[in-house]
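# Inside the fold
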Amino acid sequence: METSGFTKNTKRLLIWGAGDQGTVALDCALAMKRYSRIDFLDIKEKGHRQIPGHTIYEEAKEKVSELIHGYDEVIVASGSNYLREKKIAQVLAAGVPLATLIHPTAVISPLAHVANGCTILAGAVVNINAYVGIGCIVNTHAVIEHDCLAEDYVNICPQVSMGGHAKIGRRSFIGIGSTILDHITVGRESIVGAGAVVIRDVPDGTTVVGVPAKRKH
Ligand SMILES: CC(=O)SCCNC(=O)CCNC(=O)[C@H](O)C(C)(C)COP(=O)(O)OP(=O)(O)OC[C@H]1O[C@@H](n2cnc3c(N)ncnc32)[C@H](O)[C@@H]1OP(=O)(O)O
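Here goes a summary of the coordinates provided.

Cut-off values and rules
- Residues numbered from 1 in each chain as written.
- Predicted model: local features only at pLDDT ≥ 70, side-chain atom pairs only at ≥ 80, totals over all residues.
- Heavy atoms only, no water.
- Helix = DSSP H or I, 4+ residues; strand = E, 2+ residues; numbered from the N terminus.
- Near = heavy atom within 4 Å.
- Polar contact = N/O pair within 3.5 Å; in protein donor to acceptor, adjacent residues only side chain to side chain.
- Areas by Shrake-Rupley, 256 points an atom, 1.4 Å probe, with all protein chains shown as cover.
- Nonpolar A, V, L, I, M, F, W, Y, C, P; charged D, E, K, R; others polar.
- Expected span 1.5 Å × (residues − 1).
- Buried < 20%, exposed > 50% of the residue type's maximum accessible area, 1.4 Å probe, protein only.

### Focus: the environment of glutamate 62
Relative to the assigned elements, glutamate 62 resides in the loop between β3 (56-58) and α2 (64-68). With 127 residues separating them in the primary sequence, glutamate 62 and glutamate 189 have C-alpha atoms 30 Å apart.

Okay, here's the thing in structure tokens:
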């Protein structure tokens, strides 16, 4: 697991995205007691939101690189897998470290791998030999069982359960409360609807819903 050197309350964090995912990231970062200062970056149209105690900087293209260099770590907080990937690429290109936010109540096996830029929320479990790629969201109380793979930029919603050896392809979205049986693969850029039970492999670019999950027409 990469935690980029735990030091209490000394680092400055920039959260890129001040929407719902941004405030959830703030909550997680505060619980970690790792950051001395936490601010936001977002586009102006959304900028009427106030988050007391935290500055929301306007996201102007030409200023992004300069601004993020004023912080020790950046987390990209967007529910869109595409936007997260795009913005993470900008952060990496600027040479600023990505934060990895792991809520203190999440249980991560020391033998699991959580890549940089992930947000792992309260009560989530990542079990032994599981691998979670760059920029994933593992939401509240999701369970990623032993030997699972979540490729880069996956969004795993609250209360999702993945049985052992299940796999989720890059940029897929796994809806709230769904279950992926052990040894099942969900392809890349696929969507699993809320509450679905996935009992067969899902091809790339496919949306499935229901119990058992079937392709949505
Ligand atoms: C912290 C957070 O809030 S994290 C976010 C949590 N949110 C989620 O997990 C939402 C996940 N999204 C869904 O489940 C969505 O319904 C999707 C992506 C599967 C489909 O969305 P859309 O393409 O907009 O589908 P739409 O609402 O038009 O429904 C199309 C059909 O699929 C059915 N359907 C849609 N979602 C589901 C579902 N989860 N389970 C079963 N059937 C479904 C609808 O009933 C409808 O059926 P009909 O044509 O027979 O009437």
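### Digging into the site of the ligand
Taken together, Asn139, Cys157, Pro158, Phe173, Gly175, Ile176, Ile191, Gly193, Ala194, Val209, Gly210 and Lys216 are the residues near the ligand. Contact distances for the ligand include 2.7 Å between an oxygen atom and a backbone N or O atom of isoleucine 176. Take alanine 194: an N or O atom from its main chain is 2.9 Å from an oxygen atom of the ligand. Across the complex, the protein chains shield 38% of the 980 Å² of accessible surface that the ligand would expose by itself. Residues belonging to the shell around the ligand are distributed by class as follows: seven nonpolar, four polar and one charged.

### A short note on helix α1 (residues 20-32)
Because the α-helix completes a turn every 3.6 residues, residues three or four places apart line up on one side. The terminal C-alpha atoms of α1, which comprises 13 residues, lie 19 Å apart, in line with the 18 Å expected from a rise of 1.5 Å per residue. Along α1, the residues that are buried comprise Gln21, Gly22, Ala25, Leu26, Cys28, Ala29 and Met32. Lysine 33 sits one or two positions beyond α1 and adopts a positive phi of about 50°.

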